[in-house]
Amino acid sequence: MMRKIFFLLFMILMVQGIAAQKKDISTAKAYIKSGKNLDKAEQLMVNLLRDSTHRANDKIWLTLFDAIHKEYAVENEKMYLKQTADTAKLFSYCRKMFLTLEGLDSLDAKPNNKGKVELKYRNKHAQFLNTFRPNLFNGGTFFINKQKYKDAYQFFDTYLDCAEQPLFRAYHYQEKDQRLPLAAYWAVFCGYKMKDSKATLKYTYTALKDTAHYNYMLQYLAETYKQDHDTARYVDALKEGFQKYPKFPFFFPRLVEYYSDQGQLDRAMEVCNQGLAVDSASEVFLFAKSTVLLNSGKYDECIAICDRLLAKNDSLTDAYLNAGLAYYDKAVELDKHLKAFDKRKQQILDYYKKAMPYLQKYRVLAPEEKDKWALPLYTIYLNLNMGKEFDEIDKLLKR
């Protein structure tokens, strides 16, 4: 008896559900026909599709598409008539049309009760959407220009996904669409801007075919690998980038920095020398080499390079620092190994005297970098018995 009651209740609810579904579809169609309340028509169908029991009803999908297509047509007409139109909405409606008909195609491709697939809509819908597909790409660039990278990514993602959708199989986008690599590059760019490593890496393989942006691709990949703490891939991307684009500003300094931080100063020097083989007069490569020499304790070579740089450009702030520190470190190193009343005591003072003008100049050019120049100058003034200068910097350090 209870089973019969439950069955009757189920049947009543099912009939009520079907009736409500038909009413919503009818209401939506009336809205679409009138050209009014199109957003309500769309929402009615979206609400129905949220219920899994309704998703197999192709009438709901088709009505949803009709509502969105009409919304697109209304906005497009405004643009054609040079009236005030919402471009963002226009592109949004375009993307919704793709998502809707791709959803319907998944339903259309399911086997019937006899296990046979009978596609009713694919050819017609694929042909229709193919003419609108360029607007997915255009929508992506529109939102990039607005710096709305999440929205832009969604458009490029949909554009690229068409190449994988069975709906568009007849168009062979993977082989014939020459804009796929560029769309993939912009998708990577958007993922990079969002700091979303999954989005950045999703279309890497295709994006690397866009040779015009290969250098930037390697930069985005390197930064993404670093963000994901994938050190091996980070270094590989830097190495490839430097080998192919030695003058591109991103790769060289980071590769030298990585090897220096790892204490691999010989590897860092190799990178500097590779750069100088490309451009022997490069201030960037020469200064980096002076830094590696300084850190390696090759002070005279460091000073020689810094003097060479400053002879050509006396505004290179950090060259003053490196040369000053090289003389300073020579004095400190010598002082560590001297015994009392050693005859080389004067040599230490000479090194401090030579370091002083470089560090004083650096202080003038970079007053905010107190942590770099203050302590060396303090030590120099102390050893050279420069009371006035020593008192001034002693007060500075105690602040």
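Because the structure is predicted, anything quoted here is derived from the model rather than measured.

How each quantity is defined
Residues numbered from 1 in each chain as written. Predicted model: local features only at pLDDT ≥ 70, side-chain atom pairs only at ≥ 80, totals over all residues. Heavy atoms only, no water. Core = buried A, V, L, I, M, F, W, Y, C linked by side-chain atoms within 4.5 Å. Buried < 20%, exposed > 50% of the residue type's maximum accessible area, 1.4 Å probe, protein only. Helix = DSSP H or I, 4+ residues; strand = E, 2+ residues; numbered from the N terminus. Contact = heavy atoms within 4.5 Å. Axes fitted to C-alpha atoms, helices over the stretch in contact; angles between N-to-C directions. Parallel < 35°, antiparallel > 145°, perpendicular 65-115°, else oblique. Left-handed = near helix turned anticlockwise from the far one by under 90°. Nonpolar A, V, L, I, M, F, W, Y, C, P; charged D, E, K, R; others polar. Salt bridge = Lys/Arg side-chain N within 4 Å of Asp/Glu carboxyl O. pLDDT = per-residue confidence, 0-100. Phe/Tyr/Trp six-rings, centres within 6.5 Å; stacked < 30°, edge-to-face > 60°. Lys NZ or Arg CZ within 6 Å of the ring centre and 35° of its normal. Expected span 1.5 Å × (residues − 1). 1 Å grid on protein atoms, 1.4 Å probe; cavity = no way out; pocket = protein on both sides within 12 Å on 5 of 7 lines; lining within 4 Å. Points joined across faces, edges and corners; volume = space filled by probe spheres on them.

A. The arrangement of the nonpolar core in detail. In this structure, Phe 98, Phe 156, Phe 168, Cys 190, Phe 252, Ile 380 and Tyr 381 are the most contacted members of the largest nonpolar core, which totals 125 residues. In terms of residues, this core owes the most to one element, helix H18 (residues 317-336), which gives 10 residues. Every residue in contact with Phe 98, bar those within four places of it in the chain, is listed here: Leu 129, Phe 132, Arg 133, Leu 136, Thr 158, Cys 162 and Phe 168.

B. Geometry of the environment of Lys 176. By the element assignment, Lys 176 lies in helix H8 (residues 173-176). For Lys 176, a relative accessible area of 60% gives the class exposed. Measuring from C-alpha to C-alpha, the distance between Lys 176 and Arg 267 comes to 44 Å, with 91 residues separating the pair along the chain.

C. Local environment of the packing of H18 against helix H19 (residues 345-365). Between H18 and H19, the shortest axis-to-axis distance is 8 Å and the interhelical angle comes to 155°. Taken together, the axes of H18 and H19 are roughly antiparallel relative to one another. Of the two possible hands of crossing, H18 and H19 adopt the one that is left-handed. Taken together, the residues that form the contact of H18 with H19 break down as 17 nonpolar, 3 polar and 6 charged.

D. Main features of the pattern of salt bridges. On inspection of all chains with the given rule, the structure shows 15 salt bridges. As a salt-bridge pair, Asp 279 and Lys 247 come within 3.8 Å of each other at their nearest N and O atoms. Of the two residues, Asp 279 is situated in the loop between helix H15 (265-278) and helix H16 (283-295) and Lys 247 in the loop between helix H13 (231-244) and helix H14 (251-261); the sequence distance between them amounts to 32 residues. Look at Asp 279 and you get partly exposed, because its relative accessible area is 25%.

E. Structural context of the confidence of the model for the protein chain. Per-residue confidence for the protein chain gives a mean pLDDT of 93; residues scoring 70 or more make up 94%. Below pLDDT 50 for its whole length, residues 5-16 participates in 0 contacts with residues either more than four positions away or in separate chains.

F. Highlighting the environment of Asn 130. Relative to the assigned elements, Asn 130 resides in helix H5 (residues 122-132). Each C-alpha atom of the pair Asn 130 and Ala 88 lies 20 Å from the other, and the pair is 42 residues apart in sequence. Dropping the residues within four chain positions of it, Asn 130 is found in contact with Phe 168, Tyr 171 and Tyr 173.

G. The arrangement of the packing of aromatic side chains in detail. Scanning the model with the defined rule gives 28 aromatic pairs in all. Relative to Phe 155, the ring of Phe 91 has its centre 6.4 Å away and its plane inclined at 80°; by these criteria the two rings are edge-to-face. Taken together, the residues span a long stretch of sequence, with Phe 91 in helix H4 (residues 87-108) and Phe 155 in helix H7 (residues 149-161) at a distance of 64 residues. Looking at Phe 91, the relative accessible area reads 10%, which means it is buried. A network of ring pairs unites the aromatic residues Tyr 149, Tyr 185, Trp 186, Phe 189, Tyr 192, Tyr 216, Tyr 220, Phe 248, Phe 250 and Phe 251 as a single cluster. A cation over an aromatic ring shows up here: Arg 133 above the ring of Tyr 159, its NZ or CZ 3.8 Å from the ring centre. Taking the ring centre of Phe 137 as reference, the NZ or CZ of Arg 179 above it sits at 4.0 Å.

H. H13, seen in detail. With 14 residues, H13 should cover 20 Å at 1.5 Å per step; its first-to-last C-alpha distance of 20 Å lies within 8% of that length. Buried residues along H13 sit against helix H12 (214-227), H14, H15 and H16.

I. Representation of the layout of surface pockets within the structure. Estimated volume of the largest pocket: approximately 220 Å³. If you go around the largest pocket, you meet 13 residues; those closest to its centre are Leu 107, Asp 108, Lys 110, Glu 118 and Lys 120. Top contributing element to the lining of the largest pocket by residue count: H4, with 3 residues. Its residues placed into classes, the lining of the largest pocket shows 6 nonpolar, 1 polar and 6 charged.

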